[in-house]
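# Secondary and tertiary structure notes
The lines below spell out each chain.
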Amino acid sequence: RPGGYDVLFEAFARQTSKDYELICVDELAPRRAHNVRAMAAALGVNLAAVTPSKPKTHPHTRFGIANAFNTGFVLARGAFVTILQDNIYVPADFVEKSIAFHRDHPRALLSYPELRFSAPEGLVNSSRLTDPGAISVFDVPVTAGPRDQEWRAVNEGTMPRALWDNMLARARVEFDWLECACCSVPYAAVRELNGVDETLDVGDDCHEVNLKQKSQMLGYEVWSEGAAPVQLIDHHRWARSDLWTRFTRDTNIFRWDFMKQQMDFGEYPLRAPNNFNLFLFPPSEAGNSGAEPFDLEDAPKVVILTPTRGAVLRSPVTEVRFEVRPKGALVGGARVCISVAALNSVCVKDEVAVEVAVHRAGAHILHVMLYDADFRLIAEAQTAFVQEVPAATGELGRLGPAEDASYGWLQGEAASVRSGLEGDAIQEVFRKEHDDPKEALLFVFNKDPAHVDTWRDGLWAAVRLLARNYTIQYLNVNDIIVDQQPDIGYHIRAGAYKIILGWGAFGSPTDYFLREIHLKHGDTHPKALCIGGNAVPPPSDAADIYDMLFFETEWYRETLAFHPRARQAFGINTNIYHELPPRVDADGNRAYEYDVLMVGHFLPWKRHMYLATMEGRRLAVGEIYQEYEVSSKIVAELQNHGIEVSNMLPPRELAALYRASRTVVFPMATIGGGERALLEARACGARVHVAEDNPKLQSLLALAPIPDHVTYARQLLEGIGEVLEARGTRNATTRPAMPSDETVVEQRIRELIRNTCTPGAYCPYQVKHEI
C-alpha cells in the first residue's frame, strides 16, 4: 500500500541495538525503491533489500501474504526472523529485547502486545492514499510513536485480556496467541516448516495461525513480550477500497480448519509445499539449530558460492559460481544445470562460472542441480537473491506484458508440490467451497488410530467431498469395547449438527455409540449409517434409530427391505486406484512381481488357504489382528506353505501391488466382504478370480462403470437430502442470521466466535451485532 515507511524507519533509527537487517517486501518497490533506500540511508536504518515478492508457488491465487512472508524468509540471514506490517512503530529497545528473548527461549515464537491508534483528523493526505510512489501518507512527518503523540486508541478488543494484563506488568508470559502484524520466529522453525504455506494465498488471513499451530506441532512454544508493546496505526479506515481493506472477503478461517483435518489424518503435508526448499539453502550467517535433512556423508553435493543468500544484484547479468563435492564427481557425462525459477536451465559439464540474464526485478530462487550421465537428479542446492536491474526483453517481451512474458511469469514458477495423496489434498484445498461457512455434520467411525494411514478408501474420499457442503467433525469411537456395554457420557447439544453420519457394521462401536445416545440420551439429531460389513444382521429396531441406511452393493438391498429409507451408496477412491501404463521386461512383455495376490483380513471366513492350491509367487496382504489367536494361526499356516504375508499397506502401495500382480483372488465366503478390494483391483487393471459360491462378489465382476468416490459422495448427499426433507429441516439453519450490512469477514468472524467461544467467556474479537 502507499506510505508506511516513515513510521517504521523512524522507529528503527532509534534502536538501541543495530544487530539486525531490514528486508522490505513491497509490490510497489519498482515505483518507490529509490526513495525508500534514500530515507533508510538518511536515518541510519540497516536496510538489506527492498523488493517485490518472489514469483508465487500458485500463480492463480488472488492474495499474496504468505508469498510475501516467504520472500522475506528466503532472503533472511539471521537466527530469527521478525515479521512487521507497514504503519507500525516499535519501541527503541525492540531489537534488543527480541534478541534477549530468543537467547533465553531458542525454541519459541514471540508475539508483542498491540496498541492500535487512529490518526488525528487532517493528518492523512488523501491524495497520497492512491499514489504508488508515496512512502508516507502524512502531511506532517510522524517521527515519534502515536502513543507519545497522544493519538486516539482504537483497540476494540483485538487482543486477549491476559495479554493486556501482561503488558501492564511488563512481563513475559507463555500464551497461545500470535498476531503477525508483529511477531518473531526462530529461523530453525521456518526452515523445518519450509516457510508459510502459499496454498493459503487463495484467500486471506490465517497465515500466522498456520505458522503458529504447525510450529507447535514441532514442539515450539508461543510467548508474549509484555515489555515491548508495538503501536499500529489503524490504516484500514483511511479508504473503503480494495487497496486498503483487503480483509473483507475470501478469508481462510474455514479453509485452514479443513487443512488441519487433512494434516491430522496424514493427507496434507506439514512441511509447506512451496516453490523452494529451505533444506537446500545455505545456512543463515548465524547458523541453524533446526532439523537437518537426511544426508549421506559421502554422497555428491553441490554448493552455491555466488550469488550469496540475500544478495542484492544491480547488474542485469547474474554470475553463478558453484562447487561439486567431492572433487571428481562431475565426470563421465555428469552435468550441472543452473535455473532461475525452475524454468529453463543452462547446463555445463565443468565447474565454470555461468552467466544468467534475469528479466524481472524482484526476489528470485536460484536452483543449481547435479545430474548423472542418465540425467537423474542426484544433488541440488538453492538460494535466493534480489535482482534490482533486470535484463532488457526482446520481441517476446514486447508481446508481453514485457517483464512477465519474457520470464515465463504468466505461468509462474514451477511448484515443488508432490503428486499423490498430498497433491490431491492440496488441490482440494483450493476449492472455493472451503472458504464458506457451512452447516455442521458429525461423522462417527471406529478405526484403530495406528491404522488410519491405510484407510483411504472410497468412503474416506467421499466424506472429503462432503466437506464441500458441510463442516465435518470427526469422532473416532474405536476405544469403545462393545462387549463391556460401557456408559456413553457424550452429550450433543440439540441442533448442533444437521445430521450424524456413521460408518460401521451393526454391533460395531459406531453402531453402539449411536444407539446409546439415541436411546439413553434422547438425542434427536437425524442419523444415517453407512453399513461396513454384513456379518451381523440388522437389529429389529434399526428403523427407530436410523433415518437412513446406506448399503454398499445391491446384493444387500433385500436384507434392508424392512427400512423405509435404505439407499445404495458405494464407490472406490479413483484418485488412488486406477490403471497406469504396465511395466514391461526387456522383450516388451508385461512384467509381474507376483503371480497371485490376495487382499483381506486374516480371519476364517476369508478362506486364505485357497492360496495353497495356486502356483507361482503368492502374497497375502491384510490386517493381522494381534488380539485374535486365529489371525496369527492363519498367518503361520500360510507361511508354512511358502506364501508371503504382509500387514495392510498404505493405499498407493496397495494400488501398485494390484498393478504388479498377474491374478488377484477373492476366495472368501459371502459374509467375508471383499467388495471394495475387488473393485479397486479391477480399476487398477488386474485380472480377478472370485469363488464360485460367492454370488455377491460374482455380481461385481461385470459392474460397469466402476463406481468412484464422486459417485459415492453424490449418493450420500442425495440420501442426506432425503432425510432432511422428511424431517422438514432441509432449508432450516442452526446458524444465526447474518446482518446484510456486514462485510464477509465480519460475518465469518462472528461465525468463528459462535463456534469457539463459550457463553460469558472473553472472545478475541469485538463485534457490533448481537451473536
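This text follows the structure it describes.
The rules behind each value
- Residues numbered from 1 in each chain as written.
- Predicted model: local features only at pLDDT ≥ 70, side-chain atom pairs only at ≥ 80, totals over all residues.
- Heavy atoms only, no water.
- Helix = DSSP H or I, 4+ residues; strand = E, 2+ residues; numbered from the N terminus.
- Contact = heavy atoms within 4.5 Å.
- Areas by Shrake-Rupley, 256 points an atom, 1.4 Å probe, with all protein chains shown as cover.
- Core = buried A, V, L, I, M, F, W, Y, C linked by side-chain atoms within 4.5 Å.
- Buried < 20%, exposed > 50% of the residue type's maximum accessible area, 1.4 Å probe, protein only.
- Pairing = 2+ DSSP bridges.
- Axes fitted to C-alpha atoms, helices over the stretch in contact; angles between N-to-C directions.
- Salt bridge = Lys/Arg side-chain N within 4 Å of Asp/Glu carboxyl O.
- Disulfide = S-S within 2.5 Å.
- Phe/Tyr/Trp six-rings, centres within 6.5 Å; stacked < 30°, edge-to-face > 60°.
- Parallel < 35°, antiparallel > 145°, perpendicular 65-115°, else oblique.
- Left-handed = near helix turned anticlockwise from the far one by under 90°.
- Nonpolar A, V, L, I, M, F, W, Y, C, P; charged D, E, K, R; others polar.
- Expected span 1.5 Å × (residues − 1).
- Polar contact = N/O pair within 3.5 Å; in protein donor to acceptor, adjacent residues only side chain to side chain.

## Some thoughts on the overall build of the protein chain
- What the protein chain contains, in helices and strands, is 20 helices and 30 strands.
- Across the protein chain, the fraction of contacts at a sequence separation of at least 24, relative to all contacts at a separation of at least 6, is 74%.
- As displayed, the protein chain has an accessible area near 33900 Å², and 51% of this comes from carbon and sulfur atoms.

## Considerations on unusual backbone geometry
- A cis geometry characterises the amide bond from R325 onward to P326, with omega recorded as 0°.
- Inspection of the secondary structure puts P326 in the loop between β14 (317-325) and β15 (335-340).
- Residue P705 is bonded to the preceding A704 through a cis peptide linkage, with omega at -5°.
- Inspection of the secondary structure puts P705 in the loop between α18 (695-698) and α19 (709-727).
- At N87, a position not held by glycine, the phi torsion is positive, near 55°.
- Tracing the sequence through the fold places N87 in the loop between β3 (80-84) and β4 (88-89).
- Of note, the phi angle at R170 is positive, near 50°, even though the residue is not glycine.

## Notes on the nonpolar core
- Among the nonpolar cores identified, the biggest contains 83 residues, and F443 and Y658 are the most heavily contacted of them.
- In contact with F443, other than residues within four places in its own chain, are W455, L459, V463, I472, Q473, Y474, L475, L501 and W503.
- L8, A33, A108 and A119 belong to the second largest nonpolar core, which has 42 residues in total.

## Regarding the sheet that holds strand β23 (residues 527-531)
- The strand order across the open sheet formed by 6 strands is β21-β20-β22-β23-β24-β25, and the pairing between neighbours is parallel. Whereas interior strands pair on both sides, the edge strands pair on one side only; in this sheet they are β21 (470-476) and β25 (566-568). Across the sheet, the mean angle from the axis of one strand to that of its neighbour is 20°, orientation sign disregarded.
- Where strand β22 (residues 499-504) lies against β23, 5 bridges are found, and the strand directions are parallel. By the bridge assignment, G502 is partnered in β23 with L529.
- Against the sheet, helix α12 (residues 458-466) touches β20 (439-445), β21, β22 and β23, its axis set at about 140° to β21.

## Observations regarding the pattern of salt bridges
- One pass over the full model with this rule turns up 37 salt bridges.
- Here D176 ties to K212 by a salt bridge, and the two come within 2.7 Å at their closest N and O atoms. Pair noted here: D176 is in the loop between β8 (172-174) and β9 (182-186) and K212 is in helix α7 (residues 207-217), with a separation of 36 residues, a long-range link.
- Residue classification places K212 among the buried residues on the basis of a relative accessible area of 6%.
- The partner of E323 in a salt bridge is R325, and the shortest N-O contact between them spans 3.1 Å.
- Taken together, the shared-partner salt bridges in this structure form one network comprising R567, R714, E718 and E722.

## Some thoughts on the state of the cysteines
- Using the criterion set out here, one finds 2 disulfides in the structure.
- Between the sulfur atoms of C180 and its disulfide partner C183 the distance amounts to 2.1 Å. Between C180 and C183, the S-S dihedral sits near 90°, and the bridge is therefore right-handed. Each member of the pair C180 and C183 is classed as buried.

## Topic: the pairing of strand β5 (residues 108-111)
- Side chains of β5 alternate between two faces, with A108 and L110 and L109 and S111 buried alike.
- Of the strand pairs in this sheet, β5 and strand β10 (residues 221-225) are connected by 4 bridges, and their pairing is parallel. Looking at the pairing, L110 lines up with W223 of β10.

## Here we look at the packing of aromatic side chains
- All told, the structure shown has 13 aromatic pairs when counted by the stated rule.
- Aromatic side chains F443 and Y474 sit 5.9 Å apart centroid to centroid with 85° between the ring planes, which places their arrangement in the edge-to-face category. Of this pair, F443 sits in strand β20 while Y474 sits in strand β21, and the two are 31 residues apart along the sequence. The same class applies to F443 as to Y474, namely buried.
- On the numbers, 6.4 Å between centres and 80° between planes, the contact of F445 with Y474 is edge-to-face. You can see F445 sitting in strand β20 and its partner Y474 sitting in strand β21, a full 29 residues away along the chain.

## Describing the packing of α7 against helix α8 (residues 253-264)
- At a minimum axis distance of 11 Å, the contact between α7 and α8 shows a crossing angle of 20°. Classified by the angle between their axes, α7 and α8 sit roughly parallel to one another. The crossing of α7 and α8 is right-handed. In this structure, α7 contributes V209, N210, Q213, K214 and M217 to the contact, and α8 contributes W256, K260 and M263.
- Of the residues contributing to the contact of α7 with α8, the split by class is 4 nonpolar, 2 polar and 2 charged.

## Points about α19
- An ideal rise of 1.5 Å per residue puts 27 Å on 19 residues; α19 measures up with 27 Å between its terminal C-alpha atoms.
- When α19 is considered as a whole, its buried residues turn out to be H709, T711, Y712, A713, Q715, L716, G719, I720, G721, V723 and L724.
- At the exit of α19 stands G728, carrying a positive phi of roughly 75°.

## Quick notes on the sheet that holds strand β28 (residues 644-647)
- Across the sheet, 5 strands lie side by side as β28-β27-β26-β29-β30; this open sheet has parallel pairing. Sheet topology places β28 and β30 (687-690) at the edges, where each strand pairs with a single neighbour. In this sheet, adjacent strand axes meet at a mean angle of 25° when their direction is disregarded.
- Relative to β28, strand β27 (residues 618-622) runs parallel, the two sharing 4 bridges. Counterpart to V621 in the pairing with β28 is S646.

## As for the packing of α12 against α19
- The geometry of α12 relative to α19 is characterised by a closest axis approach of 8 Å and an angle of 60° between their N-to-C directions. Comparing the axis directions of α12 and α19 gives the class oblique. For the pair α12 and α19, the crossing hand works out as right-handed. Across from G458, L459, A461, A462, L465 and L466 in α12, the residues of α19 making contact are H709, V710, Y712, A713, L716 and L717.
- Per-class residue counts for the contact of α12 with α19 are 10 nonpolar, 2 polar and no charged.

## Things to note about the pairing of β10
- Most of β10 sits out of view: 4 of its 5 residues are buried.
- Pairing analysis gives 3 bridges linking β8 to β10, with the strands arranged antiparallel. Looking at the pairing, E174 lines up with W223 of β10.

## A short note on the environment of V25
- Here V25 shows up in strand β1 (residues 22-25).
- V25 sits 27 residues away from P52 along the chain, and the two C-alpha atoms are 5.5 Å apart.
- The residues contacting V25, other than those within four sequence positions of it, are T51, P52, S53, A68, T71 and G72.

## Quick look at the side chain of R255
- Counting through the fold element by element, R255 comes out in helix α8.
- The exposure class assigned to R255 is buried, which follows from its relative accessible area of 1%.
- A polar contact is formed between the side chain of R255 and the backbone oxygen of R431, at a distance of 3.5 Å.
- Each residue touching R255, except ones within four places of it in the same chain, is listed here: V202, G203, V429, F430, R431, K432, H434 and D435.

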